[in-house]
Amino acid sequence: PAPQATNAAADSGCLSTLSQAICPECLGGRRHAGFSRAQQFLMWKDVIVLSMDSWSDWAVAISFFAAGDGWWFGFTVIFLAASGLLAVAQLSDSAVLDHHPVVNFFISATGCGPLALAYRAVKEQDPDIFEDVIAFLKSVESMFEALPMLLLQVYVGFSYGEFDPSSEQYNGLLLFSTFW
């Protein structure tokens, strides 16, 4: 039989459900909040990687806007919004986010969807919620946001010399976001 989830929160003094998932005293190999140590590691890895990718893309969009590159800013926002809309559809259909659709879009489009998903999974002590939905979010993100953004960023970076450190147009943020 599968190991039972333990209430390590009471023993370790964890104050909230989210802190229980990352509590160092609860990572001693026991199941905590329904998650094994490996599941916790993989969940937080996905949250960090997907969120950082989205946040770095938004930072690039803001840098395009600040530099007056309206076209590149527009394309970047379109790719990020399309990915956010598809993520909202999945998160709403699977009842992971039960907020107003506008709130769900904001959560997804800003890159906080994986964090909200992880919070819900920890709160309900159900790792399957996270594992099932994150697989879909990864595929949507790679097809509708990551690949178009990569192509756009590589084109802009090489065409305008923004990858060349000796150029006046050098954009380190664009370089970081492209290869993150």
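Residues numbered from 1 in each chain as written. Predicted model: local features only at pLDDT ≥ 70, side-chain atom pairs only at ≥ 80, totals over all residues. Heavy atoms only, no water.

(A) Here's a closer look at the overall build of the protein chain. Assigned secondary structure in the protein chain consists of eight helices and zero strands. The secondary structure elements of the protein chain, listed N-terminal to C-terminal, are α-α-α-α-α-α-α-α. Looking at the protein chain as a whole, 41% of its 180 residues qualify as buried. Partitioning the intrachain contacts of the protein chain with sequence separation of at least 6 by distance along the chain shows that 57% fall at a separation of at least 24. Roughly 9,800 Å² of accessible area belongs to the protein chain as shown, and the carbon and sulfur atoms make up 67% of that amount. (Helix = DSSP H or I, 4+ residues; strand = E, 2+ residues; numbered from the N terminus. Buried < 20%, exposed > 50% of the residue type's maximum accessible area, 1.4 Å probe, protein only. Contact = heavy atoms within 4.5 Å. Areas by Shrake-Rupley, 256 points an atom, 1.4 Å probe, with all protein chains shown as cover.)

(B) Quick look at the pattern of salt bridges. Per the stated rule, a full pass over the model turns up three salt bridges. Lysine 45 is the partner of aspartate 46 in a salt bridge, and the nearest nitrogen-oxygen pair spans 2.8 Å. Given a relative accessible area of 8%, aspartate 46 falls into the buried group. With its nearest N and O atoms 3.1 Å apart, the salt bridge here joins lysine 138 to aspartate 46. (Salt bridge = Lys/Arg side-chain N within 4 Å of Asp/Glu carboxyl O.)

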